[in-house]
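In case you want the letters, here they are:
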Amino acid sequence: MRIVLVGPPGAGKGTQATRLAKELGIPHISTGDLFRANISQQTELGKLAKSYMDAGNLVPDEVTIAMAKDRMEQPDAEGGFLLDGFPRNVKQAEALDELLDSEDIKLDAVLDLEVPEEEVVKRIAGRRICRNDSSHVFHVSYSPAKKQGVCDVCGGELYQRDDDSEDTVRKRLEVYHSQTEPIIDYYKAQGLVQTIPAMGAVDEVTRRSLDALKREDGK
Ligand code: ADP
Ligand code: AMP
């Protein structure tokens, strides 16, 4: 399957994407994780991306689209993929459609994770991620690591993202409403959107997502 996950920062996209990708046997492609890997490897792309990310802005489309395209063209993504955090504006959604059209393939579903803003703020404030791999995600109270400050998956150090500070989060939410939310209408026009209530336990949200994908598959 080819799936896009949308939702505000802190909605639980990364958390769900890891589980759904495992369940469906497709790679989880997160542009945020790809940028953070570039930042830790101190690449030119990482240096460029960091200045935008720290300000809560989107990284320019040209570099983001090129990076996402390159990742989607890796052999493991041939049979499907789950996109998390891409596309993030209508221009990126159009670029994705062009790429898929050129290969005569289609998206199967767009899952829109719905969470009230006050919950998103709490989820982000307590989020801790792993230095080794930013897809290893914890929360100080909702899903704490077994040993404080240490990643359960790989033993790496847990830290708070620079862009999870209160001011930057406010800016990221603004950017979400103005630039990312319009892609929901873009995909609604293609009949692809499934709205997933994303409050409640992580397992419950995964179950709702898998049920929605089954309905989509049966169409
Ligand atoms: P996103 O990728 O949408 O920014 P994350 O998956 O990183 O969001 O989740 C944000 C924070 O919320 C993380 O600390 C994560 O552990 C926590 N979280 C995710 N899903 C839930 C949930 N259903 N209930 C409580 N906390 C959650
Ligand atoms: P995320 O890990 O999805 O919360 O993304 C963290 C940050 O990376 C965002 O606030 C943006 O600065 C940048 N980013 C991630 N994905 C994209 C994208 N598709 N387009 C532009 N910027 C992105």
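Use the structure listed above.
Residues numbered from 1 in each chain as written. Chains lettered and ligands numbered in written order. Predicted model: local features only at pLDDT ≥ 70, side-chain atom pairs only at ≥ 80, totals over all residues. Heavy atoms only, no water.

Side note on helix α9 (residues 202-217)
In step 1: Spanning 16 residues, α9 covers 23 Å between terminal C-alpha atoms, matching the ideal 22 Å at 1.5 Å per step.
In step 2: In this fold, the buried residues of α9 make contact with β1 (2-6), α1 (13-24), β4 (109-114) and β8 (193-197). (Helix = DSSP H or I, 4+ residues; strand = E, 2+ residues; numbered from the N terminus. Expected span 1.5 Å × (residues − 1). Contact = heavy atoms within 4.5 Å.)

Some words on the site of ligand 1
In step 1: Every one of the 18 residues lining ligand 1 counts as a neighbour, but Lys13, Thr15, Arg127, Phe138 and Gly200 are closest to it.
In step 2: At a separation of 2.6 Å, an oxygen atom of ligand 1 approaches a polar side-chain atom of Thr15.
In step 3: For ligand 1, whose accessible area on its own is 570 Å², the fraction buried by protein is 92%.
In step 4: Contributions of two or more residues to the shell around ligand 1 are made by α1 and β6 (137-139).
In step 5: Residues belonging to the shell around ligand 1 are distributed by class as follows: eight nonpolar, seven polar and three charged. (Near = heavy atom within 4 Å. Polar contact = N/O pair within 3.5 Å; in protein donor to acceptor, adjacent residues only side chain to side chain. Areas by Shrake-Rupley, 256 points an atom, 1.4 Å probe, with all protein chains shown as cover. Nonpolar A, V, L, I, M, F, W, Y, C, P; charged D, E, K, R; others polar.)

Description of unusual backbone geometry
In step 1: Residue Phe86 is joined to Pro87 through a cis peptide bond whose omega torsion reads -5°.
In step 2: Relative to the helices and strands, Pro87 resides in the loop between β3 (81-84) and α5 (90-102).
In step 3: Of note in the backbone geometry, Gln42 takes a positive phi value of approximately 55° without being a glycine.
In step 4: Examined against the element boundaries, Gln42 turns out to sit in the loop between α2 (31-40) and α3 (44-54).
In step 5: In the Ramachandran plot, Asp104 falls in the positive-phi region, its phi being about 60° despite a non-glycine side chain.

Let's talk about the site of ligand 2
In step 1: The environment of ligand 2 is formed by 16 residues, the closest being Thr31, Arg36, Asn57, Gly85 and Gln92.
In step 2: At a separation of 2.6 Å, an oxygen atom of ligand 2 approaches a polar backbone atom of Asn57.
In step 3: Measuring from an oxygen atom of ligand 2, one finds a side-chain N or O atom of Arg88 at 3.1 Å.
In step 4: Contact with the protein chains hides 96% of the accessible area of ligand 2, taken as 480 Å² for the molecule alone.
In step 5: Along the lines of polarity and charge, the residues of the shell around ligand 2 split into five nonpolar, six polar and five charged.

A word on the pairing of β3
In step 1: Alternating residues of β3 divide into Phe81 and Leu83 and Leu82 and Asp84, and every residue in both groups is buried.
In step 2: Of the pairings in the sheet, the one linking β1 to β3 comprises four bridges and is parallel in character. If you follow Arg2 over to β3, its bridge partner there is Phe81.
In step 3: Examined bridge by bridge, strand β2 (residues 28-30) and β3 share three bridges and lie parallel to one another. Note that in β3 the partner of Ser30 across the bridge is Asp84. (Buried < 20%, exposed > 50% of the residue type's maximum accessible area, 1.4 Å probe, protein only. Pairing = 2+ DSSP bridges.)

Digging into the sheet that holds β4
Strand pairing within a sheet occurs via backbone hydrogen bonds; the two strands may be parallel or antiparallel.
In step 1: Pairing is parallel across the open sheet formed by five strands, whose spatial order is β2-β3-β1-β4-β8. Edge positions in the sheet fall to β2 and β8, since each of these pairs with one other strand and no more. Across the sheet, the mean angle from the axis of one strand to that of its neighbour is 25°, orientation sign disregarded.
In step 2: Each of β2 and β3 touches α2; the most contacted strand, β2, lies at about 65° to it.
In step 3: Of the strands in this sheet, β1, β4 and β8 touch α9, which is tilted by about 160° from β8. (Axes fitted to C-alpha atoms, helices over the stretch in contact; angles between N-to-C directions.)

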